[in-house]
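One-letter residues, chain by chain:
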Amino acid sequence: MSRLKLCSYSCVYCQLGRTLRIEAEPRSFYKTEGITEQVRTKLKRATDKGALVDYLTFVPDGEPALDANLGREVEVLKTLGVKVAIITNGSLLWREDIRENLRKADWVSLKMDAVSEGTWRKVNRPHRSLKLETVLQGMFKFAQAFEGELTTETMLVRGINDDRGEIKSIAGFLALLKPNKAYVATPTRPPAERVTPASEQTINAAYQIFTERLGREVEYLTGYEGNAFACTGNVQEDLLSITAVHPMRQDAVSELLKSAGNGWETVRNLIENRSLAELEYQGKKFYMRKLPVHSLPQSQLSKDKIR
Ligand code: SF4
């Protein structure tokens, strides 16, 4: 059962289900004052309990840029003394007013799943008024002027946007955006349609291609909480924690094992119990934490109506 959401996309992997009302024109939803008061109360409750709040993040049921008051809301929330983050699909950034709204945030994440028209229509299923070229130009303009922290998120779905050609083209476009960090992701919770996450092999290849092309930080989001700097003293836990965020090359794994006084049987055990995957990219071996198991059949995809 889908919750009602408003979005300019209807992504095949959306965890909120299909977009029943697909819209591309921003409008007002809430009174800014009401939101500020609610957030102020919750923030106080959290900090009273000793919680450290780094960011207030706009993650609505749908696309936050569709809220015409977003810029004003960001401004008033920033008076609470906490940074503001927005997770957006970026599809409306071709509009000056939307770029202006998002520019006020401290941290913005843009969705970047495809740069070829057919693939974009299959994976993001945009509102019929949107054109890919205009959307990409809008993202580029935004990235050039944005002074906060910019990140991107690329969700890879098997058989839809996970071929090497598309991944290389996405990497080329990301190199123009110059994000502070690029995330490679794959659906890890039950999505809108019956889709299958990209394989570990593909996630690793995307990670390597993005890293080579962008020359900056790349991480993956595959549903595990990872810590790339983990050092718990338990080498198995450290390996799983690090490889939940990025793949490790064979020589880096050897170093880690050596520093803990362990041998390769640690890795062999993790592979045998299906916690770790051994992958190859350009003749080198890499290790990555296995994706959570919830692959779904793809039979539904051919029946999907592409908007
Ligand atoms: S942009 Fe986000 S909210 Fe909108 S359909 Fe895609 S995943 Fe769902």
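Our subject is the structure listed above.
First, a word on what this report is: a plain description of the structure on this page. What you see is a predicted model, and the numbers here were worked out from it, not measured in a lab.

Lining the immediate environment of the ligand, one finds Lys-5, Cys-7, Tyr-9, Ser-10, Cys-11, Tyr-13, Cys-14, Thr-19, Gly-62, Asn-89 and Lys-111. Classifying every residue of the shell around the ligand by side-chain character gives five nonpolar, four polar and two charged.

The sheet built from three strands is open, its strands ordered S9-S11-S10 with antiparallel pairing. Whereas interior strands pair on both sides, the edge strands pair on one side only; in this sheet they are strand S9 (248–249) and strand S10 (276–281). Where S10 meets strand S11 (residues 284–289), six bridges bridge the pair, whose relative direction is antiparallel. Within the sheet, the bridge partner assigned to Glu-280 lies in S11 and is Lys-285.

The next thing to look at is the pattern of salt bridges. The full count for this structure, using the stated rule, is 17 salt bridges. Close ionic contact of Glu-23 with Arg-27 constitutes a salt bridge, the shortest N to O distance being 3.3 Å. Here Asp-106 ties to Lys-78 by a salt bridge, and the two come within 3.6 Å at their closest N and O atoms. Within this pair, whereas Asp-106 is found in the loop between helix H3 (96–103) and strand S5 (107–111), its partner Lys-78 is found in helix H2 (residues 70–78), the two being separated by 28 residues in sequence. A relative accessible area of 35% places Lys-78 in the partly exposed class.

The rules behind the values
- Residues numbered from 1 in each chain as written.
- Predicted model: local features only at pLDDT ≥ 70, side-chain atom pairs only at ≥ 80, totals over all residues.
- Heavy atoms only, no water.
- Near = heavy atom within 4 Å.
- Nonpolar A, V, L, I, M, F, W, Y, C, P; charged D, E, K, R; others polar.
- Pairing = 2+ DSSP bridges.
- Helix = DSSP H or I, 4+ residues; strand = E, 2+ residues; numbered from the N terminus.
- Salt bridge = Lys/Arg side-chain N within 4 Å of Asp/Glu carboxyl O.
- Buried < 20%, exposed > 50% of the residue type's maximum accessible area, 1.4 Å probe, protein only.

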